[in-house]
Amino acid sequence: MNGLVLHTPVILLTGAYTSALLAGGFLGTYFFKRREQGYSRKRLRSAVLYEASSGSSKKHDLVETIIQQLIRVSQEQAFSKNGMPRRSLKVSQEKKQWLSLHTKRAGIGNQVSPAGFALARVQNLFLAGGLGFLGGFLFSGELAYLLCFVGACIGWHLPTWAIKTREKERSEELERHLPEMLEVVALGLRSGLSFDRSLDLYIQHFNSLLAQTAGTVRRRWLVGLSTREDALRDLAESYDSLLLARVVHNIIRSLRFGSSLAQNLEELAAEARATCKAHRQEQVAKAPIKMMIPTGVLMLPAMLLLVLGPVLLELMGEF
């Protein structure tokens, strides 16, 4: 009995030590898994943001900031901290179709979700509205409410404007680089190379967004993720360009039926270069008309005030 009493503290200490070890092990495993999940989400988010930034221009302007916000919010909306899907805002079917088309043409089709777009639009609404209210409150209450309304409207339309601007920038860049791609591929075909090898020449020796996109598309059919025809059609759908759609259609038809492809590509390259030249001439012709707006709004009133100011002062002195 005395031996049992003497060993009771030892048994209690051993049980407490074992319980502490088990509890510590369970807690350590739980926090380790949570940390690993957090690191996985951060790595996934960083990879998505790097992919979006590498496929776009290196400018850190407002468009890129909003695009990155859309991607980040879409990733955060997809998975919560515990790895479970979150409840998302409702988006109409027409808006989903619009997003599916224009985000793909903007190069972020698989990175921006409708729920993320809706949440980012609401965030920008409150942010721009709050900034407008604070800026107007420094002068008057009426101006604060007016600027709050204007800022909210601007913030609501900022994501749509950013996607359209990115889509337009990609189309303009395609217009600049499409003729050289067609000429390089046609030159490779004239030299006796296959279409895949000719396209690989352009991908390896040119550093442009079109070359990066074509390289991604080419890797898809090389590893068997899709057929060459489907990958080329996806390339045409990722840009808002009727000329690129014609190029892809001619390539698919020539590869399927074995017709001459080099001559068709050379003709399309000449057409693409002429289209790019005409577009540049049109932009140059519109420049004087666009300059009339700041001239009439900013410079003309100042000039009139400078010229007519002394005359008005003299007239006021006579009366």
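Residues numbered from 1 in each chain as written. Predicted model: local features only at pLDDT ≥ 70, side-chain atom pairs only at ≥ 80, totals over all residues. Heavy atoms only, no water.

Trainee: Would you take a moment to explain empty space enclosed by the protein for this structure?
Mentor: Unfilled space is identified by rolling a water-sized probe across the atoms. On inspection of all chains with the given rule, the structure shows 2 cavities of 30 Å³ or more. Of the pockets and cavities examined, the largest cavity occupies roughly 100 Å³. What lines the largest cavity is a set of 14 residues, among which Met181, Leu199, Leu232, Leu235 and Ile251 lie closest to the centre. For the lining of the largest cavity, the secondary-structure elements that each account for two or more residues are helix 5 (141–190), helix 6 (195–205), helix 7 (209–222), helix 8 (228–237) and helix 9 (242–257). Element by element, the count of residues in the lining of the largest cavity is highest for helix 9, at 4 residues. In the lining of the largest cavity, the residues fall into 14 nonpolar, no polar and no charged. (1 Å grid on protein atoms, 1.4 Å probe; cavity = no way out; pocket = protein on both sides within 12 Å on 5 of 7 lines; lining within 4 Å. Points joined across faces, edges and corners; volume = space filled by probe spheres on them. Helix = DSSP H or I, 4+ residues; strand = E, 2+ residues; numbered from the N terminus. Nonpolar A, V, L, I, M, F, W, Y, C, P; charged D, E, K, R; others polar.)

Trainee: Just to check I follow, could you spell out helix 7 for this structure?
Mentor: Since the α-helix packs 3.6 residues into each turn, any two residues three or four apart lie on the same face. With 14 residues, helix 7 should reach 20 Å at 1.5 Å per residue; the first-to-last C-alpha distance of 20 Å fits that figure. All of the buried residues along helix 7 are Leu209, Leu210, Ala211, Thr213, Ala214, Gly215, Val217, Arg218 and Trp221. Buried residues in helix 7 make contact with helix 5, helix 6 and helix 8. Gly224, located one to two residues past helix 7, shows a positive phi value of around 90°. (Expected span 1.5 Å × (residues − 1). Buried < 20%, exposed > 50% of the residue type's maximum accessible area, 1.4 Å probe, protein only. Contact = heavy atoms within 4.5 Å.)

Trainee: Quick question: what am I supposed to make of the nonpolar core here?
Mentor: Among soluble globular proteins, nonpolar side chains are generally buried collectively. Ranked by size, the top nonpolar core spans 35 residues in total, and within it Leu178, Leu182, Phe195 and Leu265 carry the most contacts. Elements with a minimum of two residues in this core: helix 5, helix 6, helix 7, helix 8, helix 9 and helix 10 (262–318). Counting residues per element, this core draws most heavily on helix 5, which supplies 8 residues. Once residues within four sequence positions are removed from consideration, Leu265 is found in contact with Leu182, Val185, Ala186, Leu189, Val247 and Ile251. (Core = buried A, V, L, I, M, F, W, Y, C linked by side-chain atoms within 4.5 Å.)

Trainee: What's the story with helix 3 (residues 93–105) in this structure? I'm lost.
Mentor: The end-to-end C-alpha distance of helix 3, which contains 13 residues, comes to 19 Å, matching closely the 18 Å that a straight helix rising 1.5 Å per residue would cover. Among the residues of helix 3, those classed as buried are Lys95, Trp98, Leu99, His102 and Thr103. The arc enclosing the buried residues of helix 3, seen along the axis, measures out at 110°, which places them on a common side. Of the exposed residues in helix 3, the ones pointing more than 90 degrees away from its buried face are Gln93 and Ser100. In this structure, the buried side of helix 3 is in contact with helix 4 (114–137) and helix 5. Remark: Gly107 follows helix 3 within two positions and exhibits a positive phi of approximately 85°. (Arc of directions from axis to C-beta.)

Trainee: Where do I start with the side chain of Ser238 in this structure?
Mentor: The topology assignment puts Ser238 in the loop between helix 8 and helix 9. On the basis of relative accessibility, which here comes to 10%, the residue Ser238 falls in the buried class. When neighbours within four sequence positions are excluded, Ser238 is seen to be in contact with Lys104, Arg105, Arg170 and Thr213.

Trainee: Just checking my understanding: could you explain the environment of Pro114 for this structure?
Mentor: Positionally, Pro114 belongs in helix 4. Since its relative accessible area comes to 28%, Pro114 is described here as partly exposed. Each C-alpha atom of the pair Pro114 and Lys96 lies 6.1 Å from the other, and the pair is 18 residues apart in sequence. Discounting residues that sit within four places of it in the chain, Pro114 has contacts with Val91, Lys96 and Leu99.

Trainee: Mind showing me how you'd approach the packing of aromatic side chains here?
Mentor: Applying the stated criterion across every chain, the model contains 3 aromatic pairs. A ring pair is formed by Phe133 and Tyr145, whose centres lie 5.7 Å apart and whose planes are at 65°; its orientation type is edge-to-face. Of this pair, Phe133 sits in helix 4 while Tyr145 sits in helix 5, and the two are 12 residues apart along the sequence. Looking at Phe133, the relative accessible area reads 28%, which means it is partly exposed. Its relative accessible area of 61% is what places Tyr145 among the exposed residues. Each member of the aromatic cluster is reached from another via a ring pair, and the members are Phe133, Phe137 and Tyr145. One cation-aromatic arrangement involves Lys95 over Trp98; the distance from NZ or CZ to the ring centre is 4.4 Å. (Phe/Tyr/Trp six-rings, centres within 6.5 Å; stacked < 30°, edge-to-face > 60°. Lys NZ or Arg CZ within 6 Å of the ring centre and 35° of its normal.)

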